[in-house]
Amino acid sequence: MTVSKNVLMALLILSYATWGGGMIAMKYAFESFTAMQVVFARGWGLDRLKEAIIGEIHRQRGRGTLTIPYQKGDWKYLLAMVLFEPCLFFLCETFAMTYTTASQGGVIAACFPLCTAVAAWLFLGEKLTKKTIIAMLLAVAGVAGAPLAAESSDQASNPILGNLLMVGAGLAATGYAVCVRFISRRYSFLSISAIQALGGTIVFLPFVFTTPMPVNVTMPAIGGLLYMGLGVGFLV
């Protein structure tokens, strides 16, 4: 089945609009929850949703449990993939929103695809067009200017640190994209999703028991968690 460029562009716009809303949703979530609780809720909610979808697909196809086509040496790519995302990406992006504003974080997040393009050129031999190079130069200028314009406020206690963490999230997303590009030659989307779900649960679950439970939980905070875990995590 072929998909038209207009449909792909519409899906891309929807994904980034949803992701941009996630920056605001995290700010609401921080009203009641700690950063680590938000990280776990993002990963746990997404994991449960992926498990439900994977199980339903296999039930409809009349298959048993999901089989993963592991081959010798794949553990390096699989481990790196889980380390980059959900681990480093969720941590960097979530903690960044505790220090900087949603608008500044969104500006830096908009550069993530360009970072992936550079990584694909370096590691996968993919070509860069003139338009992509121009876009990268503009993006670098925007990211460099963001910390200069950042000022401390009630919504951004340390904007420079927050912006640097968002850059770290971008690098993690780039590393994840390169790893997936390698393993997707043999592993299906369902296999990759299952591995991420398992890895994220193993890494983030212990942190739940080291942070105090929230005392006053507001509806906007719950809505923020649901948006991040089910909205951003699934659509983006």
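Engineer: I'd like a rundown of the pattern of salt bridges, residues and numbers included.
Structural biologist: All told, the structure shown has one salt bridge when counted by the stated rule. R186 is the partner of D74 in a salt bridge, and the nearest nitrogen-oxygen pair spans 2.4 Å. Taken together, the residues D74 in helix 3 (residues 74-99) and R186 in the loop between helix 7 (159-183) and helix 8 (189-208) connect sequence positions 112 residues apart. Looking at D74, the relative accessible area reads 5%, which means it is buried. Residue classification places R186 among the partly exposed residues on the basis of a relative accessible area of 38%.

Engineer: I'd like a rundown of the nonpolar core, residues and numbers included.
Structural biologist: With 27 residues, the main nonpolar core has W19, M23, F89, F112 and M166 as its most contacted residues. At the level of elements, helix 1 (5-29), helix 2 (35-60), helix 3, helix 4 (102-109), helix 7 and helix 9 (219-235) are the ones that each hand at least two residues to this core.

Engineer: Can you tell me about the side chain of E85, naming the residues and giving the values?
Structural biologist: With respect to the element layout, E85 can be found in helix 3. The class of E85 is buried, set by a relative accessible area of 17%. When near neighbours in sequence (up to four residues on either side) are disregarded, E85 contacts A173, Y176 and Q196.

Engineer: Which residues make up a nonpolar patch on the surface, and what values do they have?
Structural biologist: On the surface, V217, M219, I222, L226 and L230 cluster together into a nonpolar patch covering about 460 Å² of accessible area. You can see I222 is positioned in helix 9.

Engineer: Give a description of helix 3 that names residues and reports values.
Structural biologist: Taking 1.5 Å per residue, 26 residues should reach 38 Å; helix 3 reaches 37 Å between its end C-alpha atoms and fits that length. When the local axis directions of helix 3 are compared, the greatest deviation, roughly 35°, occurs at L88.

Engineer: Could you give me a rundown of the packing of helix 1 against helix 3, with the residues and numbers involved?
Structural biologist: One can describe the packing of helix 1 onto helix 3 by two numbers: an axis separation of 9 Å at closest approach and a directional angle of 60°. Of the possible angle classes, the one that applies to helix 1 and helix 3 is oblique. When you trace helix 1 past helix 3, the crossing you get is right-handed. Facing helix 1, whose interface residues are W19, M23, M26 and K27, helix 3 presents F89, E93, T94 and M97. For the contact of helix 1 with helix 3, the class distribution of residues is five nonpolar, one polar and two charged.

Engineer: Help me get a handle on the environment of F112, residues and values and all.
Structural biologist: Here F112 shows up in helix 5 (residues 112-123). F112 gets classed as buried once you look at its relative accessible area, which sits at 4%. Along the backbone, F112 and T174 are 62 residues apart, and their C-alpha atoms lie at a distance of 7.1 Å. When near neighbours in sequence (up to four residues on either side) are disregarded, F112 contacts W19, F89, M166, A169, G170 and T174.

Engineer: Any details on the packing of aromatic side chains? Residues and values, ideally.
Structural biologist: Taken as a whole and judged by the stated rule, the model has three aromatic pairs. Considering the side-chain rings of Y77 and F182, the 5.4 Å spacing of their centres and the 25° angle between planes classify their relative orientation as stacked. Taken together, the residues Y77 in helix 3 and F182 in helix 7 connect sequence positions 105 residues apart. For Y77, a relative accessible area of 34% translates into the label partly exposed. When its relative accessible area of 27% is taken as the criterion, F182 is described as partly exposed. On the numbers, 6.4 Å between centres and 10° between planes, the contact of F90 with F204 is stacked. Note that F90 is positioned in helix 3 and F204 in helix 8, a separation of 114 residues in sequence. Overall, F90 belongs to the buried group, its relative accessible area being 6%. In textbook terms, an aromatic cluster arises when at least three aromatic residues are bridged by ring pairs, as seen for F89, F90 and F204.

Analysis parameters
Residues numbered from 1 in each chain as written. Predicted model: local features only at pLDDT ≥ 70, side-chain atom pairs only at ≥ 80, totals over all residues. Heavy atoms only, no water. Salt bridge = Lys/Arg side-chain N within 4 Å of Asp/Glu carboxyl O. Helix = DSSP H or I, 4+ residues; strand = E, 2+ residues; numbered from the N terminus. Buried < 20%, exposed > 50% of the residue type's maximum accessible area, 1.4 Å probe, protein only. Core = buried A, V, L, I, M, F, W, Y, C linked by side-chain atoms within 4.5 Å. Contact = heavy atoms within 4.5 Å. Patch = residues over 30% accessible without salt bridge, like charges linked within 9 Å, V, L, I, M, F, W, Y side chains within 5 Å. Areas by Shrake-Rupley, 256 points an atom, 1.4 Å probe, with all protein chains shown as cover. Expected span 1.5 Å × (residues − 1). Bend = angle between axes of the 7 residues up to and from the residue. Axes fitted to C-alpha atoms, helices over the stretch in contact; angles between N-to-C directions. Parallel < 35°, antiparallel > 145°, perpendicular 65-115°, else oblique. Left-handed = near helix turned anticlockwise from the far one by under 90°. Nonpolar A, V, L, I, M, F, W, Y, C, P; charged D, E, K, R; others polar. Phe/Tyr/Trp six-rings, centres within 6.5 Å; stacked < 30°, edge-to-face > 60°.

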